[in-house]
Amino acid sequence: MADAAGRLTKLAEEVLGTPLPVRIRAWDRSESGPPGAPVLVIRHRRALRRLLFKPGELGLARGWVAGDLDIEGDLYEALDLLAGLLWERAASTKAPRAAALRALARPELRAAARELLALAGAPVPPTPPAEEVRRRRGPLHTLRRDKEAISHHYDVGNDFYALVLGPSMVYSCAYWESPTASLEDAQRDKLDLICRKLALKEGQRLLDVGCGWGSMVLHAAREYGVRAVGITLSEEQATFARKRIAEAGLADRIEIRVQDYREIKDEPFDAISSIGMAEHVGRARYAGYASALYALLRPGGRLLNHQIARRPVADEETYRVDDFIDRYVFPDGELAPVGRTVAQLEEAGFEVRDVEGIREHYALTLRQWVANLEKHWDEAARLTSPGRARVWRLYMAASALSFERNRIGVNQVLAVRTPDSGTSDVGLRERRWG
């Protein structure tokens, strides 16, 4: 088994058809590849078995989460090199992601496949990491299944999220007036921008759908004098938010509920904010989501929908959620192109008045979260598990690159339930809020 790294490098280049842009260090301490490049560390032959039994993204993800694979050097550079290589190849061949790994099934690469089998060792499928969501059954986006999906992502410990998010406890894209601003200032500016877009006024009633740890309702009640209802499906988030609200002396003006948006019966609201929540709704339910929010608003009321978007594909029916995201990060989450989101809001009856794309802001936000996680790595791993911490580091770093490379975006869509009179109260002016 001498020089496993050299053999793997040769195999990879044969399959990819191009020089490997990173170094490889194998379990036998051999190294191969371009000097000075980030190092892909293969700590155990088990990583190869994971790829053989689950070629592509899921096999790589399992190796990373289990600690069989690691990166030494600049994580962003390594992910950019590897993702760019696989992304471009998949795009050029019109094949699924990680097509290069599936290429081993081609007849001309059978010798390479046999070599990989020899390097991998015993042909036994490794057990998936404990952090993986097992394959689910039944219809998507029922009340029960959505609650389970939200719990998987958010009920991993408020203390863990506090390390990553910082004191703001806001888990969505910040709004950076300057790239040198602090994360706290950028999150405060985002919340205030949303309040101004919603034209909140004292005494109004605000609904925050997917309220997280209560930061939006706290800011709106404290700074704009509204009465607010925040809903979440996470018990841990609700407990944390209620404690923050009580400590702020605002329990008489803010209510936190563990409730689905489909269960709200005490409309109307003057304004609705939905910040980073609609990604969980799903294609099949999105029309119902838009119609439900429309029904909850009074005539003339405003909706601010802050949502991640993906790039459109030629055949939308072929869109599938990434295996890594679905199994380890956001079970059942789905992204839509911003054009489809706008169309469905309009189909529900809304008048869309403003769309602001802020994807570069999310890249800055994610890099700050990764830095927070790395700074507190040992504590974060202790609070959850080493595997969970590795999930979040990979997911956030890869997402930062996806926003930077325009593979995904994030948009704030301001929509109004315009009354029959046609008076929207948005006014004649350039885009400036408040």
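Caption draft 1: Summary view of the side chain of S399. The topology assignment puts S399 in helix α17 (residues 386-404). When near neighbours in sequence (up to four residues on either side) are disregarded, S399 contacts L366 and I408.

Caption draft 2: Structural view of the sheet that holds strand β1 (residues 23-25). Read from one edge to the other, the open sheet built from four strands follows the order β2-β1-β3-β4, with strand pairing classed as mixed. Two strands bound the open sheet, and with one partner strand each, they are β2 (31-32) and β4 (69-72). Inspection of the sheet shows β1 paired to strand β3 (residues 39-42) by three bridges, in the parallel sense. Following the sheet pairing, R25 is matched in β3 by V41.

Caption draft 3: Just the packing of aromatic side chains, in detail. By the definition in use, this model includes 14 aromatic pairs. Measuring from centroid to centroid gives 6.1 Å for F160 and W392, while their planes differ by 85°, and the two rings are edge-to-face. Of this pair, F160 sits in helix α8 (residues 158-165) while W392 is found in helix α17, placing the two residues 232 residues apart along the sequence. As far as burial versus exposure is concerned, F160 and W392 are alike and both buried. Three or more aromatic residues joined by ring pairs form one cluster here, namely F160, Y161, Y171, W213, Y362, W369, W392, Y395 and F403. Between R367 and the ring centre of Y76, over which it is positioned, the NZ or CZ distance is 3.9 Å. Its guanidinium or amino end placed over the ring of W64, R390 lies 4.5 Å from that ring's centre, counting from NZ or CZ.

Definitions and cut-offs
Residues numbered from 1 in each chain as written. Predicted model: local features only at pLDDT ≥ 70, side-chain atom pairs only at ≥ 80, totals over all residues. Heavy atoms only, no water. Helix = DSSP H or I, 4+ residues; strand = E, 2+ residues; numbered from the N terminus. Contact = heavy atoms within 4.5 Å. Pairing = 2+ DSSP bridges. Phe/Tyr/Trp six-rings, centres within 6.5 Å; stacked < 30°, edge-to-face > 60°. Buried < 20%, exposed > 50% of the residue type's maximum accessible area, 1.4 Å probe, protein only. Lys NZ or Arg CZ within 6 Å of the ring centre and 35° of its normal.

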